[in-house]
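Chain and residue survey
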Amino acid sequence: IRTQPSRLLLLFKMIYHVVAVSKNGVIGKNGQLPWHFPVDLKFFKNLTIGHTVIMGRKTFDGIGEPLPNRENIVISRHQRPETAGVKFVESVDQALERAQKGKIFIIGGASIYRATAHLIDGIYLTRIHEDYEGDAFYSGVPDGFSEVSREKLQDNPPIEVIFYQRQDQPLLKI
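The written sequence of each chain sets the order in which its residues are numbered from 1. For this predicted model, a pLDDT threshold of at least 70 governs which residues receive local features, and a threshold of 80 or more governs which side-chain atom pairs are given and counted, while totals over whole chains, interfaces and linings are taken from all residues. Side-chain metrics rest on all non-hydrogen atoms present in the structure, leaving aside hydrogens and water.

Structural notes on the overall build of the chain
Of regular secondary structure, the chain possesses five helices and ten strands. Across its three principal directions, the C-alpha atoms of the chain cover 40 × 35 × 30 Å. Of all 174 residues assigned to the chain, the portion counted as buried reaches 50%. Pairs at least 24 apart in sequence give 63% of the contacts found in the chain among residues at least 6 apart. Values of accessible area rely on a 1.4 Å probe in the Shrake-Rupley scheme; residue burial ignores everything except the protein chains shown. For the chain, the computed accessible surface area is about 9200 Å², with 51% contributed by carbon and sulfur atoms. Only DSSP runs of H or I covering at least 4 residues are called helices, and only runs of E covering at least 2 are called strands; the numbering of each starts at the N terminus. Exposed residues in this analysis have more than 50% of their type's maximum accessible area, buried residues have under 20%, and partly exposed residues fall in between, with area computed by a 1.4 Å probe over protein chains only. Throughout, a residue-residue contact means that at least one pair of heavy atoms, one from each residue, lies within 4.5 Å.

The following block contains the structure:
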């Protein structure tokens, strides 16, 4: 699902991946996170509150409801009736065009991460230093990104958030 939204749109909106990844690259299993770490959920909530979150249908179904205090946009190949607190769209282009609230955070799943890798300005990658079984994987930090910061969230298992930024970052974005 490679996409090319309006160049003007991309000049002014900051777009990020927010992803939690195990040591072996797993991001999901059967439509769910294969772990539960309150410290990571708190980080995610504090980062995304007041902004737009874009996700695929499987991710939305796994969450089960709109995330409160955020603009929720769900990409689905099949039309779905509008639900309170959720905008359903059929493409990444439509999702980006309909995003109105603050920064844009792409929150999964694997195919949405792949489809938007060429559009993002940065990545908030929660690294869980432990292996997990799963069926969804993150394709990795794309070329052209550099680590900007690293914050430890907990010790056992070790979890840290690493922020990567595109090296050719334009200065016009907000």
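Picking up where we left off.
Focus: the nonpolar core
Ranked by internal contacts, the top residues of the largest apolar core, which has 27 residues, are Val19, Ile27, Ile54, Ile123 and Tyr138. Counting residues per element, the ones that place at least two in this core are β1 (15-22), β4 (71-75), α4 (92-98), β6 (104-106), α5 (110-116), β7 (122-128) and β10 (159-166). Ranked by the residues each element gives to this core, the list is headed by α5, at four residues. Beyond its immediate stretch of four places on either side in the chain, Ile27 contacts Val19, Ala20, Val21, Leu33, Pro34, Trp35, Ala110, Tyr113, Ala136, Phe137 and Tyr138. We call a set of buried Ala, Val, Leu, Ile, Met, Phe, Trp, Tyr and Cys residues a nonpolar core when their side-chain atoms join them within 4.5 Å. Tyr16, Phe44, Met55 and Val86 belong to the second largest nonpolar core, which has 26 residues in total.

Examining the side chain of Gln154
For Gln154, the location among the structural elements is in strand β9 (residues 145-154). N or O atoms closer than or at 3.5 Å make up a polar contact, with two conditions inside protein: a donor-capable atom paired with an acceptor-capable one, and, for residues adjacent in sequence, both atoms drawn from side chains. In this structure the side chain of Gln154 is engaged in a polar contact, spanning 3.2 Å, whose partner is the backbone oxygen of Pro157. If we skip the residues at most four places from it in the chain, Gln154 touches Phe37, Val39 and Ile159.

A short note on the pattern of salt bridges
By convention in these notes, a salt bridge is any Lys or Arg side-chain nitrogen within 4 Å of a carboxyl oxygen on Asp or Glu. In this structure the tally under the stated criterion is seven salt bridges. Note that Arg57 and Asp61 form a salt bridge whose closest N and O atoms lie 2.8 Å from each other. Linking Arg57 with Asp61, this pair stays in helix α3 (residues 57-63), spanning four residues, or about one helical turn. Note on Arg57: relative accessible area 31%, which makes it partly exposed. A residue is classified by how much of its surface remains accessible, and Asp61, at 36% relative accessible area, is partly exposed. Through salt bridges with shared partners, a single network forms among Arg57, Asp61 and Arg80.

Some points on the sheet that holds β7
Strands qualify as paired when DSSP identifies two bridges or more between them. Spatially, eight strands are ordered β5-β4-β3-β6-β1-β7-β10-β9 in an open sheet, and the strand pairing comes out mixed. With partners counted over all chains shown, the strands left at the sheet margins are β5 (86-89) and β9, one partner each. Taken over all neighbouring pairs, the strand axes of this sheet differ in orientation by 20° on average, direction set aside. Bridge analysis of β9 against β10 gives eight bridges, and the strand direction is antiparallel. When the bridges of β10 are listed, Arg150 appears paired with Ile162. Angles run from 0 to 180 degrees between N-to-C directions of axes, and those axes are lines fitted to C-alpha atoms, restricted for helices to the stretch in contact. Packing of helix α2 (residues 38-48) onto the sheet brings it into contact with β1, β3 (52-56), β6, β7, β9 and β10, and relative to β9 it is tilted by some 130°.

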